[in-house]
Amino acid sequence: MRTARTAAALIAVVALAAGCSGSGGKGDEEDGDGGGGGKAAGTPRLKIAMVTHSGEGDTFWDIVQNGAKEAAKKDNVEFLYSNDKEGKGQAELVQTAIDKKVDGIVVTLAKPEAMRTVLGKAKAAGIPVVTINSGGEFSTPFGALSHIGQDESVAGEAVGDELTRRGRKKALCVIHEQGNVSLEQRCAGVKKTFDGTVENLNVDGTDAPGSQSSISAKLQAAKDIDAVVTLGAPIAAYSVKAKEDADSKAEIDTFDLNAEVVKRLKAGEVGFAVDQQPYLQGYLAIDELWLYRTNANVLGGGKPVLTGPAVVTEKDVPKLEKYTARGTR
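Residues numbered from 1 in each chain as written. Predicted model: local features only at pLDDT ≥ 70, side-chain atom pairs only at ≥ 80, totals over all residues. Heavy atoms only, no water.

Participant: Outline the overall build of the protein, listing residues and values.
Facilitator: When helices and strands are tallied, the protein shows 11 helices and 12 strands. Looking at the protein as a whole, 55% of its 329 residues qualify as buried. As displayed, the protein has an accessible area near 13600 Å², and 50% of this comes from carbon and sulfur atoms. (Helix = DSSP H or I, 4+ residues; strand = E, 2+ residues; numbered from the N terminus. Buried < 20%, exposed > 50% of the residue type's maximum accessible area, 1.4 Å probe, protein only. Areas by Shrake-Rupley, 256 points an atom, 1.4 Å probe, with all protein chains shown as cover.)

Rendered as structure tokens:
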């Protein structure tokens, strides 16, 4: 029932959005000026901050920002972006946004306990919050209007089912950020539905050579691993190279989509990807705060608005290439 409600909410939101006409480092803030044409809304100028847990070099967040900037341009919103992979640093950036008296905050909850107190301060200051991407189960308890993203457990279960369908027997689930609740939920979901066995491997996703070396060493030590599940698009690229280094026959599969993953799907180097539509997460989050500020709307009736998961294979490449190339999928 919950899934049906949130799916219905998403359909309504997408219809609404259709009717409306560079990953930053810590402290990086930029005025939104996304692509596309059209005149900005005639509503008062708003200032909305987005604070994520992104590590350096993660292209996923470039796509999120592209969606947010496009909505900001349409909605006459000044868009401020900042990120810190550490929970404490992310909380400090949210406090900075509160001190600037922004009109709304978009935030991720990868490390939820670090964010509890500062989101309480945002609520006390009368600043509406929308959560995206991670930690959806903490969104309502922490006072947010709603959560926009995929159900990570359900996404993991979809991967487990797909691995079983493909006849895999032993999977390595690569966690590229320790302590991120969403990544842990993905691997747990894979383990729940996969008929084979799953082993987790922790790497530092911001250290490409180190990650590649760790994955290669594991594949060399365990020749029976026939599937590597990565939880982010950049890690998939490292894993393809690690597979070659280890002379492994394991299939590389991944969460998340970008131009590089689509290229590797086309080449047969990646078996499948799980798309959670990051562009939509950024776009709808800005749109929701604009709608709330200008018309007291709350998308999804306060329930999670789902943007995924969807399993993407080489068959989907022709319809996705042009969108991933422009940074919107």
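Participant: Which residues make up the packing of aromatic side chains, and what are the values?
Facilitator: What describes a pair of aromatic rings is the distance from one ring centre to the other and the angle between the planes of the rings. Applying the stated criterion to the full structure yields four aromatic pairs. Judged by centre distance (6.5 Å) and plane angle (35°), the rings of Phe79 and Tyr81 are tilted. Both residues of the pair, Phe79 and Tyr81, belong to the buried class. (Phe/Tyr/Trp six-rings, centres within 6.5 Å; stacked < 30°, edge-to-face > 60°.)

Participant: Outline the sheet that holds strand 2 (residues 77–83), listing residues and values.
Facilitator: As summarised here, the arrangement of the six strands in space is 2-1-3-4-5-11, forming an open sheet in which the pairing is parallel. Pairing within the sheet leaves two strands with one partner each, and these edge strands are strand 2 and strand 11 (305–306). The pairing of strand 1 (residues 46–52) with strand 3 (residues 104–107) spans four bridges and is classified as parallel. Within strand 3, the position partnered with Met50 by the bridge is Val106. (Pairing = 2+ DSSP bridges.)

Participant: Mind laying out the sheet that holds strand 12 (residues 310–312), listing which residues take part and the relevant values?
Facilitator: Read across the sheet, six strands follow the order 7-6-8-9-10-12 without closing on themselves; strand pairing throughout is mixed. With one partner strand each, in any of the chains shown, strand 7 (197–202) and strand 12 form the two edges of the open sheet. Taking each pair of neighbouring strands and ignoring which way they run, the sheet shows an average axis angle of 25°. Pairing of strand 10 (residues 273–275) with strand 12 involves three bridges; the strand directions are antiparallel. Bridge assignment links Val274 to a residue of strand 12, and that residue is Val311. (Axes fitted to C-alpha atoms, helices over the stretch in contact; angles between N-to-C directions.)

Participant: Help me get a handle on the pattern of salt bridges, residues and values and all.
Facilitator: Between side chains of opposite charge, a pair can form as their charged atoms come close. Scanning the entire structure with this criterion turns up 18 salt bridges. The salt bridge partner of Asp75 is Lys74, with a shortest N-O separation of 2.5 Å. The network of salt bridges with shared partners includes Glu162, Arg165, Arg166, Arg168 and Glu251. (Salt bridge = Lys/Arg side-chain N within 4 Å of Asp/Glu carboxyl O.)

Participant: Go over the nonpolar core with me, naming the residues and quoting the values.
Facilitator: With 29 residues, the main nonpolar core has Met50, Phe79, Val106, Val130, Ile132, Ile148 and Ile286 as its most contacted residues. In terms of residue count, helix 10 (residues 278–295) provides more of this core than any other element does, nine residues in total. Contacts of Val106, omitting those with residues within four sequence positions, involve Ile48, Ala49, Met50, Val51, Val130, Ile132, Ala285, Ile286 and Leu289. Judged by nonpolar contacts, the second largest core, of 26 residues, contains Ile215, Ile235, Val240 and Val312. (Core = buried A, V, L, I, M, F, W, Y, C linked by side-chain atoms within 4.5 Å. Contact = heavy atoms within 4.5 Å.)

Participant: Can you explain the pairing of strand 3? Please cite residues and give values.
Facilitator: Of the two faces of strand 3, the one lined by Gly104 and Val106 and the one lined by Ile105 and Val107 are each fully buried. For strand 3 and strand 4 (residues 129–132), the ladder comprises three bridges, and the chain directions are parallel. Along strand 4, the bridge assignment pairs Val106 with Val130. In this region the chain leaves strand 3, passes through helix 4 (residues 116–124) and returns to the parallel neighbour strand 4; the handedness of that crossover is right-handed. (Right-handed = clockwise from strand over helix to strand, strands pointing away.)

Participant: Describe unusual backbone geometry, and please don't skip the residues or the numbers.
Facilitator: Outside of glycine, negative phi angles account for most residues, and trans bonds account for most peptide bonds. Here the residue pair Gly308 and Pro309 is connected by a cis peptide bond, since its omega of 10° sits within 30 degrees of zero. Mapped onto the elements, Pro309 comes out in the loop between strand 11 and strand 12.

Participant: How would you sum up the packing of helix 3 (residues 87–99) against helix 4? Please name residues and give values.
Facilitator: The axes of two packed helices give the description: the angle between them and the distance between them. Close contact between helix 3 and helix 4 brings their axes to 9 Å; oriented N to C, the two are set at 10°. What the angle tells us is that helix 3 and helix 4 run roughly parallel. On the side of helix 3, the interface is formed by Ala91, Val94, Gln95 and Ile98, while helix 4 contributes Val118, Leu119, Lys121 and Ala122. (Parallel < 35°, antiparallel > 145°, perpendicular 65-115°, else oblique.)

Participant: Tell me about the state of the cysteines, residues and numbers included.
Facilitator: Where two cysteines share a covalent bond between their sulfur atoms, that bond is called a disulfide. Under the definition given, this model contains one disulfide. Sulfur-sulfur distance for the disulfide between Cys173 and Cys187 comes to 2.0 Å. Judged by the sign of its S-S torsion, about -90°, the bond between Cys173 and Cys187 is left-handed. Of this pair, Cys173 sits in strand 6 (residues 170–175) while Cys187 sits in helix 6 (residues 181–193); the two residues are 14 residues apart in sequence, bridging distant segments of the chain. Across the pair, Cys187 and Cys173 agree in class, each one buried. (Disulfide = S-S within 2.5 Å.)

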